[in-house]
Amino acid sequence: MSAILSPVRLYNPIRNQIFRCSFGSQLNRVVPSLTRLVGSPSPSLTRIVSQSTSNSSMSSEKEAALAASSTIPDSPTIFDKILNKEIPANVVYEDDKVLAFRDINPQAPVHILIIPKVKDGLSRLAKAEERHMEILGRLLHTAKVIAKQEGLEDGFRIVINDGPKGCQSVYHIHVHLLGGRQMEWPAG
Ligand code: AMP
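Heads up: these notes are all about the structure in this document. (Residues numbered from 1 in each chain as written. Predicted model: local features only at pLDDT ≥ 70, side-chain atom pairs only at ≥ 80, totals over all residues. Heavy atoms only, no water.)

1. Re the overall build of the chain
- Helices and strands together make up the secondary structure of the chain, namely 4 helices and 8 strands.
- The helix and strand sequence of the chain, counted from the amino end, reads β-β-α-β-α-α-β-β-β-α-β-β.
- For the chain, buried positions account for 41% of its 188 residues.
- Put simply, 61% of the contacts in the chain that link residues at least 6 apart link residues at least 24 apart.
- Within the structure as shown, the chain displays about 10,300 Å² of accessible surface, and the carbon and sulfur contribution to it stands at 54%. (Helix = DSSP H or I, 4+ residues; strand = E, 2+ residues; numbered from the N terminus. Buried < 20%, exposed > 50% of the residue type's maximum accessible area, 1.4 Å probe, protein only. Contact = heavy atoms within 4.5 Å. Areas by Shrake-Rupley, 256 points an atom, 1.4 Å probe, with all protein chains shown as cover.)

As structure tokens, this is what we get:
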């Protein structure tokens, strides 16, 4: 996988979903995530649908599949299993509204995910409505509380990936809290 240097599209048939990711760390991040989601590294389950380069063309079939992938079902995710304690997580913070745990595939010395306990339709930020303002604010405030708890006095980064082009892989809204190293800009 590390030899792939151009953007790729990954298909997860379990969720009928296509991910489009750039080369490098994002691809290396998404493939293990998909593998965990489907429970098997089988190429029939998680496969590269296409590897696009600037001069390659996508078939209309694949364009249609990609377009369809923006209609993402609001179905349970692996985070529900963590919330229900069906699978373990390294929890660093919990209150009645949010849960925070260490990312299984950390991209920095500190990499924590902060999620709402009740999804309430917030599979992704693009689904946010006015009623979600309290929980969205709480997720960010919790990030600041945990950053202090983790000793990130010199700064940290907050990331919310949204949808296929944002390289989101788990459709239960979550805030990434990254720290413990110098961040770079622009983000990939
Ligand atoms: P995103 O790609 O923004 O949807 O982020 C999903 C994150 O969830 C990725 O960084 C994954 O590494 C992380 N992840 C997936 N499964 C687990 C798990 N069981 N425990 C902790 N983190 C997970």
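2. Thoughts on the site of the ligand
- In the region of the ligand, 19 residues are neighbours, and Asp103, Asn161, Ser169, Val170 and His176 sit closest.
- One nitrogen or oxygen atom from the main chain of Val170 is found 2.9 Å from an oxygen atom belonging to the ligand.
- Within the side chain of His174, an N or O atom sits 2.9 Å from an oxygen atom of the ligand.
- Counting only elements with at least two residues in the shell around the ligand, the list comes to α1 (25-38), α3 (78-83) and β5 (98-102).
- Ranked by residue count, the leading element in the shell around the ligand is α1, at 3 residues. (Near = heavy atom within 4 Å. Polar contact = N/O pair within 3.5 Å; in protein donor to acceptor, adjacent residues only side chain to side chain.)

3. Let's talk about the packing of aromatic side chains
- Throughout the structure, instances matching the rule amount to 1 aromatic pair.
- With centroids separated by 5.4 Å and ring planes inclined at 75°, the aromatic side chains of Phe79 and Phe101 adopt a geometry described as edge-to-face. Of this pair, Phe79 sits in helix α3 while Phe101 sits in strand β5; the two residues are 22 residues apart in sequence, bridging distant segments of the chain. Per residue, the accessibility class of Phe79 equals that of Phe101, and both read buried. (Phe/Tyr/Trp six-rings, centres within 6.5 Å; stacked < 30°, edge-to-face > 60°.)

4. Topic: a nonpolar patch on the surface
- Taken together, the side chains of Leu125, Leu140, Phe156, Ile158 and Ile160 define a hydrophobic patch exposed on the protein surface, amounting to about 380 Å² of accessible area.
- On the basis of relative accessible area, Leu125 is assigned to the partly exposed category, the value being 35%. (Patch = residues over 30% accessible without salt bridge, like charges linked within 9 Å, V, L, I, M, F, W, Y side chains within 5 Å. Salt bridge = Lys/Arg side-chain N within 4 Å of Asp/Glu carboxyl O.)

5. Description of the sheet that holds strand β6 (residues 110-116)
- Here 5 strands make up an open sheet; going across it, the order is β4-β5-β6-β8-β7 and the pairing antiparallel. Since the sheet does not close on itself, it has two edges, and those belong to β4 (91-94) and β7 (157-159), each with one partner. Across the sheet, the mean angle from the axis of one strand to that of its neighbour is 20°, orientation sign disregarded.
- Relative to β6, β5 runs antiparallel, the two sharing 5 bridges. (Pairing = 2+ DSSP bridges. Axes fitted to C-alpha atoms, helices over the stretch in contact; angles between N-to-C directions.)

6. A word on the environment of Ala147
- By the secondary structure assignment, Ala147 is in helix α4 (residues 133-149).
- With relative accessibility at 1%, the residue Ala147 sits in the buried group.
- Put simply, Ala147 and Gly180 are 33 residues apart on the chain and 9.9 Å apart in space, counted from C-alpha to C-alpha.
- Discounting residues that sit within four places of it in the chain, Ala147 has contacts with Leu152, Phe156 and Leu177.

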